[in-house]
Amino acid sequence: VTNGSTLNNLLRRLLPALAIVLGGCSAHQADLQYARNRNDEAFKTPPVSYRADITAFMRSYLNDPSRVRGAYVTEPALRTFDSTDRYVSCLRYSARKSDGQYAASKDSLVLYRDGRLDRVVDNARELCKDAAYQPFPELERMTR
């Protein structure tokens, strides 16, 4: 009988702790699911002012933002990137190097989050090979 009562006492002490631990796991899973859903929503929010966002970014990104030429961009579209569906644009341009000469044309992938420019991935020629580019004169008119 002593073993049975010891076991019952042990179970009475462990069950509440086990319930708390399992409840914490459940809450953690709910938090993770909420974060995943929020990320999905953020990535699937279409950008509104993508041309202005790209121009502002490029003004600070380029060493010499003046006299960019051959600038083209695609309208944002939902594509899979890094196993996530998100809005992206392709960007093509040729910028001046520090010696004043023009660099070769460069293709970049513009990634959006919450409807705004999130980051730019360079060397995207393969990702953007079938892109429907449109002229991007705003980028060519940038000044310092």
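The following refers to the structure shown.

## Things to note about the overall build of the chain
Phase 1: When helices and strands are tallied, the chain shows three helices and six strands.
Phase 2: Starting at the N terminus, the α and β elements of the chain follow one another as α-α-β-β-β-β-β-β-α.
Phase 3: Counting across all 144 residues of the chain, residues that qualify as buried make up 29%.
Phase 4: Once local pairs closer than 6 in sequence are excluded, the contacts in the chain between residues at least 24 apart make up 59%.
Phase 5: Carbon and sulfur atoms form 53% of the exposed surface of the chain, whose accessible area is close to 9,400 Å².

## Things to note about the state of the cysteines
Phase 1: The full count for this structure, using the stated rule, is one disulfide.
Phase 2: With a sulfur-sulfur separation of 2.1 Å, cysteine 90 is cross-linked through a disulfide to cysteine 128. Disulfide cysteine 90 to cysteine 128: torsion about the S-S bond roughly -85°, handedness left-handed. Within this pair, whereas cysteine 90 is found in strand 3 (residues 84–94), its partner cysteine 128 is found in the loop between strand 5 (116–121) and strand 6 (134–135), the two being separated by 38 residues in sequence.
Phase 3: Classification of cysteine 90 by relative accessible area gives buried; the value is 2%.

## Notes on the pattern of salt bridges
Phase 1: For the structure on display, the rule yields nine salt bridges.
Phase 2: Across the pair arginine 96 and aspartate 64 runs a salt bridge whose closest N-O atoms are separated by 3.3 Å. Here the residue arginine 96 occupies a position in the loop between strand 3 and strand 4 (106–113), and aspartate 64 occupies one in the loop between helix 2 (50–61) and strand 1 (69–73), the gap between them amounting to 32 residues.
Phase 3: Take aspartate 64: its relative accessible area is 9%, and that puts it in the buried class.
Phase 4: For the salt bridge of lysine 106 with aspartate 122, the shortest nitrogen-to-oxygen distance reads 3.4 Å. Here lysine 106, found in strand 4, pairs with aspartate 122, found in the loop between strand 5 and strand 6; they are 16 residues apart in sequence, far enough to count as distant.
Phase 5: The exposure class assigned to lysine 106 is partly exposed, which follows from its relative accessible area of 27%.
Phase 6: Classification of aspartate 122 as partly exposed rests on a relative accessible area of 27%.
Phase 7: Overlapping salt bridges, with partners in common, bring together Arg92, Asp107 and Arg125 in one network.

## Things to note about the side chain of arginine 86
Phase 1: Of note, arginine 86 is situated in strand 3.
Phase 2: We classify arginine 86 as buried; its relative accessible area is 5%.
Phase 3: A polar atom in the side chain of arginine 86 sits 3.1 Å from the backbone oxygen of tyrosine 112.
Phase 4: Residues contacting arginine 86, with those up to four places away along its chain left out, are Phe43, Ala77, Leu78, Arg79, Phe81, Leu111, Tyr112, Arg113, Asp118 and Arg119.

## Some words on unusual backbone geometry
Phase 1: In this model, arginine 67 sits at a positive phi of 60°, which is unusual for a non-glycine residue.
Phase 2: With respect to the helices and strands, the residue arginine 67 is situated in the loop between helix 2 and strand 1.
Phase 3: Unusually for a residue other than glycine, serine 83 sits at a positive phi of about 65°.
Phase 4: Tracing the backbone through its elements, the reader meets serine 83 in the loop between strand 2 (77–81) and strand 3.
Phase 5: Assessed through its relative accessible area of 75%, serine 83 is described here as exposed.

The rules behind the values
Residues numbered from 1 in each chain as written. Predicted model: local features only at pLDDT ≥ 70, side-chain atom pairs only at ≥ 80, totals over all residues. Heavy atoms only, no water. Helix = DSSP H or I, 4+ residues; strand = E, 2+ residues; numbered from the N terminus. Buried < 20%, exposed > 50% of the residue type's maximum accessible area, 1.4 Å probe, protein only. Contact = heavy atoms within 4.5 Å. Areas by Shrake-Rupley, 256 points an atom, 1.4 Å probe, with all protein chains shown as cover. Disulfide = S-S within 2.5 Å. Salt bridge = Lys/Arg side-chain N within 4 Å of Asp/Glu carboxyl O. Polar contact = N/O pair within 3.5 Å; in protein donor to acceptor, adjacent residues only side chain to side chain.

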